[in-house]
Amino acid sequence: MQAPEIDVPLQVFETVAAARDFVQTRRFGTVSSPDSKPHRVGVVLTMGALHEGHESLIRQSAKECGSTVVSIFLNPTQFAAGEDLSKYPRTLDADLKRCAVSGADAVFVPTPEVIYPAGFSTQVIPPEIAKTLEGQARPEHFGGVCLVVSKLMNILPGDRAYFGKKDYQQWRVIQAMTRDLNLDVDVVACPIIRDPDGLALSSRNVYLSAKDRGRALSIHRALRTAAAEHAGGQRDVGVLETILREELKPVDEIQYAVVRDAETLAEVQTVQRAAVMLIAARVGNTRLIDNQELNEPD
Ligand code: AMP
């Protein structure tokens, strides 16, 4: 595969060996080239169709690490039958350009056969925190996420791995998995990037018609309105959840609109310590998720 024609050097790897070698030589140095100075390596895992949300992860990694590697892999095992795997946007050339201009040094673009060769059968059972919310709405999802993330973290053994809080529960699941499995990586969470109108950037936003997009804005409006109530002193979760549901009237289906403990995602009655509001809603045929943290003074 050709690197994109831009003035920024970007290495593109399709094999496990080449990708792993890139990370290891930068993180630990090489015997053959003792002058090459080992340095911190950051990793950003994506499914492609990159946007400014992904770019923000790459930029943060590039700021904090000497080398940054991005993976682009549309992981089939985290989609259930009937979900949007076949129509998920594929924009590899543009993705490679975004990686380069955001400060990535290398991109790993494996085929499904490289990640799941014939005979592959091992599974990863997700941690407890994966059972609620997305885990209920999409029962197979986090098994696929944990499987591919643990594989990619082994293939790209960087010092730090950057995840977006856009997928809040996914971040918490990966944090728990890396801790439980003693994976040698620091998981770094990055803020949600939104369009100026408030819609959280997502590769799936391209599915939205102009009319659906207008209705989808109610998701961020709901979060903002409830956050303002919380800032004004409201701590009753029942009241906050009612506000979320009221504001979400324009969407076609609310799958969940809840306030949970920020760390454990356990149900809470009142907001006493850091909490997070999480929404999953369907607008037309598009399923959208969003969230906002509610911080409490120490
Ligand atoms: P995906 O390609 O959807 O698997 O996302 C790859 C990474 O980008 C995940 O860690 C996401 O949480 C993160 N991400 C996606 N959208 C955003 C966003 N709007 N803001 C911040 N991070 C994001």
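Predicted model only: the values in this text are computed from it and were never measured. Within each chain, residues carry numbers counting from 1 in the order of the written sequence. The predicted nature of this model means local features are confined to residues of pLDDT at least 70 and side-chain atom pairs, given and counted, to a pLDDT of 80 or more, with totals for whole chains, interfaces and linings taken over all residues. With hydrogens and water excluded, all non-hydrogen atoms of the structure serve as input to the side-chain values.

Asks: How would you sum up the overall build of the protein chain? Please name residues and give values.
Replies: Per the secondary structure count, the protein chain includes 9 helices and 9 strands. Relative to the 2.2 N^0.38 estimate, which gives 19 Å for 298 residues, the radius of gyration of the protein chain is 20 Å and therefore close to what a compact globule would have. Overall, the protein chain is about 65 × 45 × 40 Å in size when its C-alpha atoms are taken along their principal axes. Classification of residues uses two cut-offs on accessible area relative to the type maximum, computed with a 1.4 Å probe and protein chains only: under 20% is buried, over 50% is exposed, and between them is partly exposed. Here the protein chain, with 298 residues, has 51% of them falling under the buried criterion. Calculation of accessible area relied on Shrake-Rupley with a 1.4 Å probe; when residues are assessed, cover is drawn exclusively from the protein chains displayed. For the protein chain, the computed accessible surface area is about 14300 Å², with 49% contributed by carbon and sulfur atoms. Charge assignment: positive for Lys and Arg, negative for Asp and Glu; neither His nor the chain ends contribute. Here the site of a charge means NZ on Lys, CZ on Arg, CG on Asp, or CD on Glu. The positive charge centre, built from 33 side chains, and the negative charge centre, built from 39, are 1 Å apart in the protein chain. Only DSSP runs of H or I reaching four residues or more are called helices, and only runs of E reaching two or more are called strands; each is numbered from the N terminus. Only the C-alpha atoms count toward the radius of gyration. The rule for a globule is 2.2 Å times the residue count to the power 0.38.

Asks: Requested: an account of the pairing of strand β9 (residues 286-294), with residues and values cited.
Replies: Strand pairing is assigned whenever DSSP identifies at least 2 bridges connecting the two strands. Direction of pairing for strand β8 (residues 275-283) relative to β9: antiparallel, over a ladder of 9 bridges. Residue Met277 lies in a different strand from β9, and its bridge partner there is Gln292. Counting the residues between successive antiparallel strands, the hairpin from β8 to β9 contains 2 residues, one of them, Gly284, with a positive phi of roughly 60 degrees.

Asks: Any details on the environment of Arg204? Residues and values, ideally.
Replies: With respect to the element layout, Arg204 can be found in the loop between β6 (186-190) and α8 (210-231). Residues Arg204 and Arg287, 83 residues apart in the sequence, show an inter-C-alpha distance of 8.1 Å. Residue contacts are defined here by distance: any two heavy atoms, one from each residue, within 4.5 Å place the two residues in contact. Excluding residues within four positions of it along the chain, Arg204 makes contact with Phe79, Asp84, Tyr88, Arg138, Thr286 and Arg287. A polar atom in the side chain of Arg204 sits 2.7 Å from the side chain of Asp84. Any pair of N or O atoms that falls within 3.5 Å is considered a polar contact. Within protein, one atom must be able to donate a hydrogen and the other to accept it, and sequence-neighbouring residues count only if both atoms are side-chain atoms.

Asks: Could you give an account of the environment of Ile115, with specific residues and numbers?
Replies: Within the secondary structure layout, Ile115 lies in helix α4 (residues 112-115). Each C-alpha atom of the pair Ile115 and Ser218 lies 38 Å from the other, and the pair is 103 residues apart in sequence.

Asks: Could you give an account of the site of the ligand, naming the residues involved and the relevant values?
Replies: Distances are taken per atom, and a residue is near a molecule or strand as soon as one of its heavy atoms is within 4 Å of it. Close to the ligand lie 16 residues; His54, Gly164, Asp167, Ile193 and Leu201 are nearest. Measuring from an oxygen atom of the ligand, one finds a side-chain N or O atom of Asp167 at 2.6 Å. Between a nitrogen atom of the ligand and a main-chain N or O atom of Ile193, the distance comes to 2.9 Å. Here the ligand, which alone exposes 490 Å², has 93% of that area covered by the protein. Of all the secondary-structure elements, those providing two or more residues to the shell around the ligand are β2 (41-46), α2 (52-64) and β5 (160-164).

Asks: With reference to specific residues and values, describe the state of the cysteines.
Replies: Throughout, a disulfide means two cysteine sulfur atoms within 2.5 Å of one another. Under the definition given, this model contains 0 disulfides. There is no disulfide at Cys146, and the cysteine sulfur nearest it, in Cys190, is 19 Å away. The exposure class assigned to Cys146 is buried, which follows from its relative accessible area of 0%. A residue is classified by how much of its surface remains accessible, and Cys190, at 1% relative accessible area, is buried.

Asks: Explain helix α7 (residues 168-180) to me, using residue names and the numbers behind them.
Replies: Taking 1.5 Å per residue, 13 residues should reach 18 Å; α7 reaches 18 Å between its end C-alpha atoms and fits that length. Most of α7 sits inside the fold, with 10 of its 13 residues counted as buried. What α7 keeps buried is the set Tyr168, Gln169, Gln170, Trp171, Arg172, Val173, Ile174, Ala176, Met177 and Thr178. Where α7 ends, the next residue or the one after it, Asn182, has phi of about 55 degrees, a positive value. Take the number of residues in a helix, subtract one, and multiply by 1.5 Å to get its expected span.

Purely geometric stuff here, so don't read any function into it on its own.
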